[in-house]
Each structure stands twice: as structure tokens, then as C-alpha cells.
Amino acid sequence: MNNLEIKRANRMMLMLFSEWKGHGNEGRPLKIEWNIMHMFTSSQLAKLYALKKGLDPEICALIAVLHDIAVVEGKFRENHDGLATEYVKGAIKRYNEGGRYKLEPITEKETETILSAVVVHGYKSDYSDNPYAEMIKDVDSLDAYLHGLDTQKDRHIRVSGFLEEIGIDNE
Ligand SMILES: [Fe+2]
């Protein structure tokens, strides 16, 4: 078993954490504390999911870290996935231009993959052949479930589907 290559995702997470931790809660659709907690926990789940499904753990973690960035930085709740492009690109730019220190930059191709998943992650009832989009929809649902939140309908289907896949019968 090799160590996971996920240093860039960790660095991105630390960069965003240090930027976000001083934010107040005024005018926010969700508390910043929740967003930060969700960023950390969903990124860990994304890595586990990647190992199970044979996806790239670092790309999955980066998608999880960035998926709700428009909620935090744009204070959007409605359509926060579709509105995420400029915020994702902005974070990747800050990362590439300094946040990464000596780590490799995030490439344009990787940025495309990240965006392809982030911008559709709200559509939990839609299924596609993009494994990274399916990953973040499943992981977002699973993280909400594991935090004890209401996970009915489309989220429930995704949670129970993944739990069953890893041998957990939770009905
Ligand atoms: Fe989320």
C-alpha cells in the first residue's frame, strides 16, 4: 500500500482555511464554521470514495474542498454550484501563484475536471457518466448524512447506494 499523493489538496485546504477562518457570519446562508467543517470532512470522504471507485484521490479531494466555495466566498445558496466557476478559478490562481509554495501547480486540465464536477453537484437526482460529478454528489450526500442532517430522496438514494457498495446495510 503506497502513501497517498494528496499534498496539493491538503495545501489548498489549508490556504482556504486560513482565508476563511476570520470571516464573520453576517449575511451568510450557512455558518462559516459549518462550511469549514464540511470542507474538511467531505475531503476525507472523497479520498475514501476515490480508493473504492478507482478515481484519483487528490482530484476528488480538491473537488470536495472547492465544491461549496461559492457559498463561502459569494454567499450564495441558490445555484451555488452553477455560480462556482469564478471562485474555483480564483482559488486555483491564488494556489498556483503562491499558496502552493513548492508543490506542483494545478493544471488547466485538472481545473477543467474539478469544474466539471463542482458546477453540477447540486443536481443530486441527475446521473451522468462523469465519475467526478457522481463522486461529489455521493460524497456531499454522505457527508450530510454522517453529520446527522436530513438526507431524504435523492440524497438518501446516493447514501444508501454507496453504503451498500462498501458492505454497510443501513436500511
Ligand atoms: Fe456540500
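Being a predicted model, the structure only gives us computed values, none of them experimental. (Residues numbered from 1 in each chain as written. Predicted model: local features only at pLDDT ≥ 70, side-chain atom pairs only at ≥ 80, totals over all residues.)

**Q** How would you summarise the overall build of the protein if you had to cite specific residues and measurements?
**A** Regarding its fold elements, the protein presents eight helices and zero strands. Mapped from its N terminus to its C terminus, the protein presents α and β elements in the order α-α-α-α-α-α-α-α. Against the 2.2 N^0.38 benchmark of 16 Å for 171 residues, the protein shows a C-alpha radius of gyration of 15 Å, consistent with a compact globule. By principal-axis analysis of the C-alpha atoms, the protein measures approximately 45 × 45 × 25 Å. Summarising the internal contacts of the protein: among those between residues at least 6 apart in sequence, 56% fall at separations of at least 24. (Helix = DSSP H or I, 4+ residues; strand = E, 2+ residues; numbered from the N terminus. Rg over C-alpha atoms; globule rule 2.2 N^0.38 Å. Contact = placed C-beta atoms within 7 Å.)

**Q** Now, about the environment of Val71: what can you tell me, with residues and values included?
**A** As for its position among the elements, Val71 is in helix H4 (residues 69-73). By the C-beta count within 10 Å, which is 22 here, Val71 ends up buried. Between the alpha carbons of Val71 and Lys31 there is a distance of 9.8 Å; along the sequence they are 40 residues apart. For Val71, the contacting residues outside a window of four places in its chain are Pro29, Leu30, Asn35, Phe76, Arg77 and His80. (Buried ≥ 20, exposed ≤ 12 C-beta atoms within 10 Å, placed from the backbone.)

**Q** If you had to explain the packing of helix H3 (residues 57-66) against helix H6 (residues 108-118) to someone new, which residues and values would you point to?
**A** In a packed pair of helices, the relevant descriptors are the angle between the two axes and the axis-to-axis distance. Two elements in contact, H3 and H6, have axes whose closest approach is 9 Å; the angle formed by their N-to-C orientations is 55°. As the angle between them shows, H3 and H6 are arranged oblique. The handedness of the crossing between H3 and H6 is right-handed. Only Glu110, Thr113, Ile114, Ala117 and Val118 of H6 make contact with H3, whose side of the interface consists of Ile59, Leu62, Ile63 and Leu66. Partitioned by chemical class, the residues of the contact of H3 with H6 number seven nonpolar, one polar and one charged. (Axes fitted to C-alpha atoms, helices over the stretch in contact; angles between N-to-C directions. Parallel < 35°, antiparallel > 145°, perpendicular 65-115°, else oblique. Left-handed = near helix turned anticlockwise from the far one by under 90°. Nonpolar A, V, L, I, M, F, W, Y, C, P; charged D, E, K, R; others polar.)

**Q** Lay out the environment of Ile69 with the relevant residues and their values.
**A** Its location among the elements puts Ile69 in helix H4. Here Ile69 falls in the buried class, since 23 other C-beta atoms lie within 10 Å of it.

**Q** Before we move on, can you summarise unusual backbone geometry with the specific residues and values?
**A** Trans peptide bonds make up most of the peptide bonds, and negative phi angles are found at most residues other than glycine. Phi is positive for Lys75, which is not a glycine, with a value near 55°. Here Lys75 is to be found in the loop between H4 and helix H5 (85-99). Classification of Lys75 by C-beta neighbours within 10 Å gives partly exposed; the count is 14. Despite not being glycine, Asn79 has its phi angle at roughly 55°, a positive value.

**Q** Account for the nonpolar core, with residues named and values stated.
**A** Grouped together as the largest cluster of nonpolar side chains are 42 residues, with contacts concentrated most on Ala46, Cys60, Ile63 and Val65. The set of elements that each furnish at least two residues to this core consists of helix H1 (7-20), helix H2 (32-53), H3, H4, H5, H6, helix H7 (131-146) and helix H8 (153-165). With near-sequence residues (within four places) excluded, Cys60 lies in contact with Ala46, Lys47, Tyr49, Ala50, Leu55, Tyr132 and Met135. (Core = buried A, V, L, I, M, F, W, Y, C linked by C-beta atoms within 7 Å.)

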